[in-house]
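Structural features, examined
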Amino acid sequence: MDEDPVDALVATAPDGIDFDGLSVEKHADGYTFETPEAVRTGLEEAALRELAAEDAHVGNWYFWHAVAPQTDARWAFLRWLEGAEDHAVPERYDALADGLATEWGQLQVAVSLDGPAGRTYELRHVEDAETPAGELDDHDDPLAARDLAKHDDDGDYRPLKTAPTLQTGWRFPALGAPDIVEAVHAFYPATVQNWHREREGELDIDHWHETVSRQTGIYGVVRTWDRGEGYEHVNWVAEACCDDSQCLKRREWQYDGETELDVDGGDGEFPCREPCSLVIAAARQWTKLEGEQTRTYEFELTPSEKAQVEAIIEAVADGRADDIREADVYDGANRYRTRFLRAKLFDDEGNLAGVETDD
Amino acid sequence: MEQALVIAAHGSHLNAESSTPTFSHADTVRATGAFSEVRESFWKEEPHFREALRTVDAEEVYLVPLFISEGYFTEQVIPREFRLEEWDPELWDSDGTSADVATLTAGDTGQTVHYCGPVGTHDSMSDVIVQRAKSVTDDPDVGDGVGLAVVGHGTERNENSAKAIEYHADRIAEQDRFDEVKALFMDEDPEVDDVTDFFDSEDSEAHSASGRSHGRRPCEDVVVVPLFIADGYHTQEDIPEDMGLCEDYRDGWDVPETVDGHRIWYAGAVGTEPLMADVVLERTADAGADVSAAIEQIRGESGAGPAAGNNLQ
Ligand code: SF4
């Protein structure tokens, strides 16, 4: 890897090189060196070396063959980060000179050149795009991302890595090509591989019904929630858990291979290929709860009280309850408003309007 | 050919610390350079079991369950989720504590997977328990005049879970290092609630794991090692309260804490002991991985001594 790119080019020329607009071959009458800008033939080795030393295509070829990780998914991801399939080398190198930023979930990756045959990757939270570097905590070890991914900005545990709650305030100032992929994996495990599989048309999706059918042990009960009479319950699960406001993966799984859900899968860059463990654990609880029959309760509420109950449900469901200002008594989910409602409507056992849950 | 290690652990939706031992043992193994890649994977966290193999480049993978006993997780969940389609528990030919390795092909990636038995039933786990006793007491020679209780769940949901506890208690008892060694349980007899009773009488009637009670004198000092992978509700709340180390776990307890005239040395799940990384490596060594230098390195760093498996000094 510390080989000189020009030496590597000369050594590889007899096999032929054809990559990102660069073509080099060795013929009986000398070398050919071809780029979209120039075609030179019949070159002596010294002339080839001179041309190669000044051409960005050579460093680019070297980076992608000797520096970047060679496994398909990692390679494709790094290419995607700099738009390598869409932009010719000179144009791309101009952009990389200033740093080229791309988003992956809540990550911002900025690629820049590290010499003609190198790249360096800066990683930070998208919301820290404009934050001065000095205000961010710097990390070098990609595995440090595991700890950063564990808690949100309030210090709460994040059981779902792709929840849009990644903490801010950190930066990886200069990762190499293999390490940027590792860091992305630590923040969003397997997203690069599944994104790549999808691009290749090989994403192995396990739909809801297959996934719950596979469950055993305490999760086996979820199988009984599918009764072959519709999939509305799965629409509700997807709306509750997989919406972009809750998870940055783009849900590709449906009810089954024939039956698409009615809920939008989201706009995430990377796909979700099967219901995750959090969804299955929640579905276990819903399976139990949804086994109950409805019954009729009678309550007396003022129109504003009914609207307030709805406002409270909305606020909790949208994670907004903590943001409602202390004295904002105009918001139905305000704490004082809610405490007033409780004081007025609950009996000593916590029953709404004194109506018992079980009678 | 490059060889990778994948560690399969339970993880948690609720407890942020559940994955910590997995990460630290993975880091220890990573630092030895014995594997081209080391990946953590989880049942309740990500990377999930389901998608771990596709993040590994190597064609040959050693898969080690960071679980205490053989049973539901090692025999059903892990093989299914990793798509080890030809799996059959018969391939381990185990009596409940003797699983070794089965070599299979992963259905989604085509990788060769050497599926190893869980860390908890490997012989070298006995060394980790002893090491735990040393680190809790801060005494490398701990043993003389001291009792050791190895604590587990019990048979709830899995009879092998008790077997693993008894297996190690017996092995350690045979070394004659501690005055008494007992296997105790949370939800069945002999129960951890009565821990001091078992180390009490001069001529102990209590069941000795070795079947050989010294019957000389009561052990004033008792080291209690819970055979759990990660700290959580059981090791940090239930067991300390059950043993009477504290009224309420939130009040904490001292190490040692005096209970009924005994000094109880208790410091949480054995799975957090750094020497656990050695057990992970031993599992892969038994499965054919070339890791002997890494094993020596880890055992040297932990002060556990050079020998693997059977040599309990
Ligand atoms: S199942 Fe839903 S919540 Fe879970 S990872 Fe996929 S999209 Fe996200």
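Residues numbered from 1 in each chain as written. Chains lettered and ligands numbered in written order. Predicted model: local features only at pLDDT ≥ 70, side-chain atom pairs only at ≥ 80, totals over all residues. Heavy atoms only, no water.

**Quick notes on the site of the ligand**
Stated formally: It suffices for a single heavy atom of a residue to lie within 4 Å of a molecule or strand for the residue to be listed as near it. Using protein atoms alone on a 1 Å grid, points that fit a 1.4 Å probe yet trap it form a cavity, whereas open point sets bounded by protein on both sides within 12 Å along at least five of seven lines form a pocket; residues with an atom within 4 Å of a point count as lining. More than half of a molecule's atoms lying within 2 Å of a cavity's or pocket's grid points is what places that molecule inside it.
The environment of the ligand is made up of A:L160, A:C241, A:C242, A:C247, A:K249, A:W253, A:C272, A:E274, A:P275, A:C276 and A:V279. Of the pockets mapped on this structure, the ligand occupies the second largest pocket.

**Re the pattern of salt bridges**
Condition: Should a side-chain nitrogen of Lys or Arg be within 4 Å of a carboxyl oxygen of Asp or Glu, the pair is scored as a salt bridge. Strands here are runs of E lasting at least two residues and helices are runs of H or I lasting at least four, both read from the DSSP assignment and numbered beginning at the N terminus. Each residue is placed in one exposure class: buried if its accessible area under a 1.4 Å probe, protein chains only, is under 20% of its type's maximum, exposed if it is over 50%, and partly exposed if it falls in between.
Counting across every chain of the model gives 48 salt bridges over all chains. Linking A:R273 and B:E51 is a salt bridge whose minimum nitrogen-to-oxygen distance equals 2.8 Å. Remark: B:E51 occurs in helix α2 (residues 49-52) and A:R273 occurs in the loop between β11 (271-272) and α11 (277-289); the pair is interchain, linking two chains. B:E51 shares its class with A:R273; the two are buried. Residues A:E310 and A:K306 are paired through a salt bridge, measuring 2.5 Å at the closest nitrogen-oxygen approach. Highlighted residues: A:E310 and A:K306, both in helix α12 (residues 303-317), separated by 4 residues, approximately one helical turn. With relative accessibility at 46%, the residue A:K306 sits in the partly exposed group.

**Some words on the interface of chain A and chain B**
Rules: Working rule for contacts: check all heavy atoms of both residues, and any pair within 4.5 Å makes them a contact. Buried area: the sum, over both parts, of the accessible surface (1.4 Å probe) that disappears when the two are put together. Polar contact is defined as a pair of N or O atoms within 3.5 Å, subject to the rule that within protein one atom must be able to donate a hydrogen and the other to accept it, and that residues adjacent in sequence are counted only when both atoms are side-chain atoms.
If you look at the interface, chain A gives 31 residues, while chain B gives 32 residues. Summed over both sides, the interface of chain A with chain B buries roughly 2,700 Å², with 43% coming from carbon and sulfur. Taken together, chain A and chain B are joined by 12 salt bridges. If you look at where chain A meets chain B, you find 26 residue pairs in polar contact (both at pLDDT 80 or more). Residue assignment for the side of chain A that touches chain B shows that the elements contributing at least two residues are α7 (177-187), α8 (191-199) and α11 of chain A.

**Quick word on the domain arrangement of chain A**
Residue and element names in this part refer to chain A. To keep things clear, this is the line we draw: How far each domain reaches was decided by an automatic or database domain assignment.
Split by domain assignment, chain A resolves into domain 1 (5-65), domain 2 (69-196), domain 3 (204-289) and domain 4 (296-359). Taking the mean C-alpha position of each, domain 1 and domain 2 sit 31 Å from one another. Across the contact, 12 residues belong to domain 1 and 16 residues belong to domain 2. In this assembly, domain 1 packs against domain 2 so that about 1,100 Å² is buried in total across both faces, 65% of it on carbon and sulfur atoms.

**Here we look at the domain arrangement of chain B**
All names here are of chain B. For chain B, the domain assignment lists domain 1 (3-121 + 274-302) and domain 2 (125-271). Of the roughly 1,700 Å² buried where domain 1 meets domain 2, counting both sides, 61% is carbon and sulfur surface. Looking only at domain 1, the three residues that lose the most surface to domain 2 are I68, T97 and M276, adding up to 30% of its buried area. Counting the contacts that link domain 1 with domain 2 gives 1 salt bridge. Notably, a salt bridge pairs R299 with D127, separated by 2.9 Å at the nearest N-O pair. In this assembly, domain 1 and domain 2 are joined by 6 residue pairs in polar contact (both at pLDDT 80 or more). Put simply, the parts of the chain that give the side of domain 1 that touches domain 2 at least two residues each are α1 (20-32), α3 (72-81), α7 (276-286) and α8 (292-302). The element contributing the most residues to the side of domain 1 that touches domain 2 is α3, with 3 residues.

**Comments concerning the packing of aromatic side chains**
Quick note on the threshold: Here a Phe, Tyr or Trp ring, Trp counted by its six-membered ring, pairs with any other such ring whose centre lies within 6.5 Å, and the pair is stacked when the planes are under 30 degrees apart, edge-to-face when over 60, and tilted otherwise. As a reminder, the over-ring test applies to NZ of lysine and CZ of arginine, requiring each to be within 6 Å of the ring centre and within 35 degrees of the ring normal.
Tallied over the entire structure, the rule returns 30 aromatic pairs over all chains. Their ring planes at 70 degrees and their centres at 5.4 Å tell us that A:W80 and A:W104 sit as a pair that is edge-to-face. With a gap of 24 residues between them, A:W80 in helix α4 (residues 72-81) and A:W104 in strand β5 (residues 100-104) connect regions that are remote in the sequence. Overall, the relative accessible area of 22% leaves A:W80 in the partly exposed class. By relative accessible area, which is 0% here, A:W104 ends up buried. Aromatic side chains B:W253 and B:Y266 sit 5.9 Å apart centroid to centroid with 50 degrees between the ring planes, which places their arrangement in the tilted category. On the criterion of sequence distance, the pair formed by B:W253 in the loop between α6 (233-243) and β9 (257-259) and B:Y266 in strand β10 (residues 262-266) is long-range, its members being 13 residues apart. An aromatic cluster of three or more residues is present, and its members are A:Y219, B:W43, B:F49, B:F67, B:Y72, B:F73 and B:F82. A cation sits over an aromatic face here: A:R335 above A:Y336, 5.6 Å from the ring centre.

**Quick notes on the nonpolar core**
Going by this rule: Take the buried Ala, Val, Leu, Ile, Met, Phe, Trp, Tyr and Cys residues and link them wherever side-chain atoms come within 4.5 Å; each set so joined is a nonpolar core.
If you look at the biggest cluster of nonpolar residues, it comprises 56 residues, and the most contacted ones within it are B:L5, B:F35, B:L148 and B:F178. Each of domain 1 (3-121 + 274-302) and domain 2 (125-271) of chain B accounts for three or more of the residues forming this core. Judged by nonpolar contacts, the second largest core, of 54 residues, contains A:L48, A:Y62, A:A68 and A:A149.

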